[in-house]
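Secondary and tertiary structure notes
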Amino acid sequence: MQGPQKRCKGFEEAVPADRIDLPDLRRVVEITGYDTATALRLDLYLSDCYNVLIEDHPWRQRIGWAHILEGLRKELPRLSQLD
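Residues numbered from 1 in each chain as written. Predicted model: local features only at pLDDT ≥ 70, side-chain atom pairs only at ≥ 80, totals over all residues. Heavy atoms only, no water.

Description of the environment of T32
Assignment of secondary structure puts T32 in strand β1 (residues 25-33). By relative accessible area, which is 43% here, T32 ends up partly exposed. What T32 contacts, discounting residues up to four positions off in sequence, is T38 and A39. (Helix = DSSP H or I, 4+ residues; strand = E, 2+ residues; numbered from the N terminus. Buried < 20%, exposed > 50% of the residue type's maximum accessible area, 1.4 Å probe, protein only. Contact = heavy atoms within 4.5 Å.)

Right, dumping it as structure tokens:
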């Protein structure tokens, strides 16, 4: 098994030059609830983690991707089974 230095060696050459200057807006998550006729857009701006805007309003600062998904799971209402 290779050590961490050997696996990381050459990483700089593997990253294309056009990917170095990425915009601050890194991810957009759009959720459409067809049964409730609602739409939600999350803009994720990269800092050292993510700064999250929901519908152009700040939601959280410096939050990781796993915590964003956890927050969505907790904030979105669970629908009972439709008859």
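A few points about the pairing of strand β3 (residues 50-54)
Taking burial as the measure, the five residues of β3 include four buried ones, the bulk of the element. Judged from the five bridges that link them, strand β2 (residues 38-46) and β3 form a sheet pairing that is antiparallel. Across the sheet, residue L46 finds its bridge partner in β3, namely Y50. Count of turn residues in the β2/β3 antiparallel hairpin: three residues. (Pairing = 2+ DSSP bridges.)

Things to note about the packing of aromatic side chains
Enumeration over the complete set of coordinates arrives at one aromatic pair. One Lys or Arg, R27, reaches over the ring of W65 and ends 4.1 Å from the middle of that ring. Seen from the ring of W59, R60 lies directly overhead, with NZ or CZ sitting 4.6 Å from the centre. (Phe/Tyr/Trp six-rings, centres within 6.5 Å; stacked < 30°, edge-to-face > 60°. Lys NZ or Arg CZ within 6 Å of the ring centre and 35° of its normal.)

Quick notes on the pattern of salt bridges
Using the criterion set out here, one finds four salt bridges in the structure. Between R41 and D43 there is a salt bridge; the shortest N-O distance is 2.8 Å. With relative accessibility at 33%, the residue R41 sits in the partly exposed group. Looking at D43, the relative accessible area reads 6%, which means it is buried. Across the salt bridge formed by E70 and K74, the nearest N and O atoms sit 3.0 Å from each other. Separated by four residues within a single helix, E70 and K74 lie in helix α3 (residues 65-75), roughly one turn from each other. Accessibility expressed as a relative area gives 55% for K74, which makes it exposed. Taken together, the shared-partner salt bridges in this structure form one network comprising E30, R41 and D43. (Salt bridge = Lys/Arg side-chain N within 4 Å of Asp/Glu carboxyl O.)

Let's talk about the environment of R41
Along the polypeptide, R41 turns up in strand β2. Distance in space between the C-alpha atoms of R41 and I31 is 6.4 Å, their sequence separation being ten residues. The residues touching R41, leaving out its near neighbours within four places in the chain, are V28, V29, E30, L53, I54 and E55.

A word on the environment of Y50
Positionally, Y50 belongs in strand β3. Since its relative accessible area comes to 12%, Y50 is described here as buried. Sequence separation between Y50 and Q61 is eleven residues; the distance between their C-alpha atoms is 6.6 Å.

All quantities given are derived from atomic positions and should not be read as evidence of function.
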